[in-house]
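If you want the building blocks of each chain, they are given just below.
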Amino acid sequence: MNDSRGQDLARVDPRHLDLLRELADRGSVTAVARATHRTPSAVSQQLRTAQRELKGVPLVEPHGRGLRLTEAGRLLADGGRDLSRTVAEVQARWDEFMGSASGTVRVATLPSAATVLLPGVLDRLAPTDVSLECSDMDIAESEYSGMVADHDIVIGHSFTGPVPAGAEHLVTAALLREPLDIALRVDHPLAAKARVTARDLVAYEWYGVPVGYPFDGLRIAVETTAGEPVRVAQRLRDNRLIEALVASSDRVAVLPRYSTAPGAGLVLRPVHGMDAARWIVAILRPDHAERLAVRTALEAFRAVGRSVGEV
């Protein structure tokens, strides 16, 4: 690359690098506009300005009904990520120099994970100047990575391992490995058994979760072992709703051991021969992970996770 092109790059507004990163993370001009409180036309205008700064090197190109980054645009978007991380590292060092972490940490969390972790985390953070702004969400495993653009910490789960699908390029921290059991009403015909088998379970209808959700992995394992399909009566997301439905019928369901409400008219039984569990995981964008306040909150989540069970 010649010297004049290098000089062009030196004059690029850092805010334009951040805009390209936003487009890479969010996938569309409309999504970037919504997240940054601008109009789509304003975002498009800024993209054109960035392109002019580089003497017309294309940064975006038409794709379907929208735009996508070119190879040059992706390179600069990566630069935007590096820049954001560097600024966050400097901020973290400054916070340490000033003596304490402070600020608000935005957390999106799976409700069942929050049931186990959040009360203890709030207790641990109470004496500090770090506060949490929490929202709950229940989405498929592959969608967690998309939440990090708008949150400092995303608490999700995975059936297959400590890094949820789609989060391989992000910072992840395993908080807890929570066993998955079969929920039965207290006087269910299978409740007298210490463990249930796959053959036991295919004899009853199930309350399941949507396909792609981690709990569905145990249903698949049961079907594989038994050699016949499970009959799923309903696919539902809310664990408390599933608890109430299981307590009033002969249907069974997969529920997590630590976060299932005690005294709900249920018993939990492991499946014989299956070490079924979900990983509860914190997922962070690399630049967000550098903030001292975020690191403080993350350590509180990790400490509470260790106090509950194995990691």
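Rules behind the numbers
Residues numbered from 1 in each chain as written. Predicted model: local features only at pLDDT ≥ 70, side-chain atom pairs only at ≥ 80, totals over all residues. Heavy atoms only, no water. UniProt positions renumbered as here; feature names shortened; annotations may be inferred. Helix = DSSP H or I, 4+ residues; strand = E, 2+ residues; numbered from the N terminus. Domains from an automatic or database assignment. 1 Å grid on protein atoms, 1.4 Å probe; cavity = no way out; pocket = protein on both sides within 12 Å on 5 of 7 lines; lining within 4 Å. Points joined across faces, edges and corners; volume = space filled by probe spheres on them. Buried < 20%, exposed > 50% of the residue type's maximum accessible area, 1.4 Å probe, protein only. Polar contact = N/O pair within 3.5 Å; in protein donor to acceptor, adjacent residues only side chain to side chain. Expected span 1.5 Å × (residues − 1). Axes fitted to C-alpha atoms, helices over the stretch in contact; angles between N-to-C directions. Left-handed = near helix turned anticlockwise from the far one by under 90°. Contact = heavy atoms within 4.5 Å. Nonpolar A, V, L, I, M, F, W, Y, C, P; charged D, E, K, R; others polar. Parallel < 35°, antiparallel > 145°, perpendicular 65-115°, else oblique. Patch = residues over 30% accessible without salt bridge, like charges linked within 9 Å, V, L, I, M, F, W, Y side chains within 5 Å. Areas by Shrake-Rupley, 256 points an atom, 1.4 Å probe, with all protein chains shown as cover. Salt bridge = Lys/Arg side-chain N within 4 Å of Asp/Glu carboxyl O.

*Asks:* Help me understand the UniProt feature "domain: HTH lysR-type" (unreviewed entry) in the chain in this model?
*Replies:* UniProt's feature table lists "domain: HTH lysR-type" (unreviewed entry) at residues 12-70, given in the numbering used throughout. Measuring from the first to the last C-alpha atom of residues 12-70 gives 17 Å, for a span that is 59% helix and 14% strand.

*Asks:* Hey, could you run me through the domain arrangement of the chain in this one?
*Replies:* Where interface size is given, it is often the accessible area lost as the parts come together that is meant. As far as domains go, the chain holds domain 1 (12-81) and domain 2 (101-310). In this structure, domain 1 and domain 2 have C-alpha centres spaced 36 Å apart.

*Asks:* Help me understand empty space enclosed by the protein, please; the structure alone is not making it clear to me.
*Replies:* In this approach the atoms are scanned with a rolling probe the size of a water molecule, which exposes any empty space left behind. Tallied over the full model, the rule gives one cavity of 30 Å³ or more. A volume near 80 Å³ is recorded for the largest cavity. Lining the largest cavity, in full, are Trp206, Tyr207, Gly208, Val209, Phe215, Asp216, Arg219, Val232, Arg235, Ile242, Ala253 and Val254. Elements supplying a minimum of two residues to the lining of the largest cavity: strand 7 (205-208), helix 8 (216-226), strand 8 (231-235) and strand 9 (252-256).

*Asks:* Just to check I follow, could you spell out the layout of surface pockets for this structure?
*Replies:* Taken as a whole, the largest pocket spans an internal volume of roughly 290 Å³. Taken together, 15 residues make up the lining of the largest pocket; nearest its centre are Asp25, Arg81, His169, Leu170 and Arg285. Secondary structure elements with two or more residues in the lining of the largest pocket: helix 2 (14-26), helix 5 (71-98) and helix 10 (286-289). Viewed by domain, the lining of the largest pocket spans two of them, domain 1 (12-81) and domain 2 (101-310), each represented by three or more residues. Sorting the residues of the lining of the second largest pocket by element identifies helix 6 (111-125) and helix 9 (239-247) as the ones contributing at least two each.

*Asks:* For this particular structure, what's the right way to read the environment of Arg251?
*Replies:* One can find Arg251 in the loop between helix 9 and strand 9. Using a relative accessible area of 26% as the deciding quantity, one classes Arg251 as partly exposed. The spacing of Arg251 and Val232 is 19 residues in sequence and 9.2 Å in space, taken between C-alpha atoms. Separated by 3.1 Å, the side chains of Arg251 and Tyr207 make a polar contact.

*Asks:* Any chance you could explain helix 5 here in plain terms?
*Replies:* Residue pairs three or four apart in sequence face the same way in an α-helix, which turns once every 3.6 residues. Spanning 28 residues, helix 5 covers 41 Å between terminal C-alpha atoms, matching the ideal 40 Å at 1.5 Å per step. Within helix 5 the residues assigned to the buried category are Gly73, Leu76, Ala77, Gly80, Ser84, Ala88, Ala92 and Asp95. One or two residues past the end of helix 5 sits Gly99, with phi positive at roughly 110°.

*Asks:* Would you mind showing me how to read the packing of helix 2 against helix 3 (residues 29-36) here?
*Replies:* Relative orientation and spacing of two packed helices are given, respectively, by the angle between their axes and the distance between those axes. Running from N to C, helix 2 and helix 3 point in directions that differ by 115°, and their axes come no closer than 8 Å. Crossing hand, helix 2 versus helix 3: right-handed. Residues Leu19, Glu22, Leu23 and Arg26 of helix 2 lie in contact with helix 3, whose contacting residues are Val29, Ala31, Val32, Ala35 and Thr36. A class-by-class count of the residues in the contact of helix 2 with helix 3 yields six nonpolar, one polar and two charged.

*Asks:* What exactly am I supposed to notice about the side chain of His16 here?
*Replies:* Topologically, His16 is positioned in helix 2. Given the relative accessible area of 6%, His16 is considered buried. Apart from residues no more than four positions distant in its own chain, His16 is found in contact with Gln46, Thr49, Ala50 and Glu53.

*Asks:* Can you help me understand the packing of helix 2 against helix 5 in this one?
*Replies:* The geometry of helix 2 relative to helix 5 is characterised by a closest axis approach of 7 Å and an angle of 110° between their N-to-C directions. As judged from the angle between their axes, helix 2 and helix 5 are roughly perpendicular. Each of Pro14, Leu17, Asp18, Leu20, Arg21, Ala24 and Asp25 in helix 2 lies in contact with helix 5, whose residues at this interface are Gly73, Leu76, Ala77, Gly80, Arg81, Leu83 and Ser84.

*Asks:* Is there a simple way to explain a nonpolar patch on the surface in this structure?
*Replies:* A contiguous nonpolar patch, built from Trp94, Phe97 and Met98 and spanning about 410 Å² of accessible area, is present on the exposed surface. Mapped onto the fold, Phe97 is located in helix 5.

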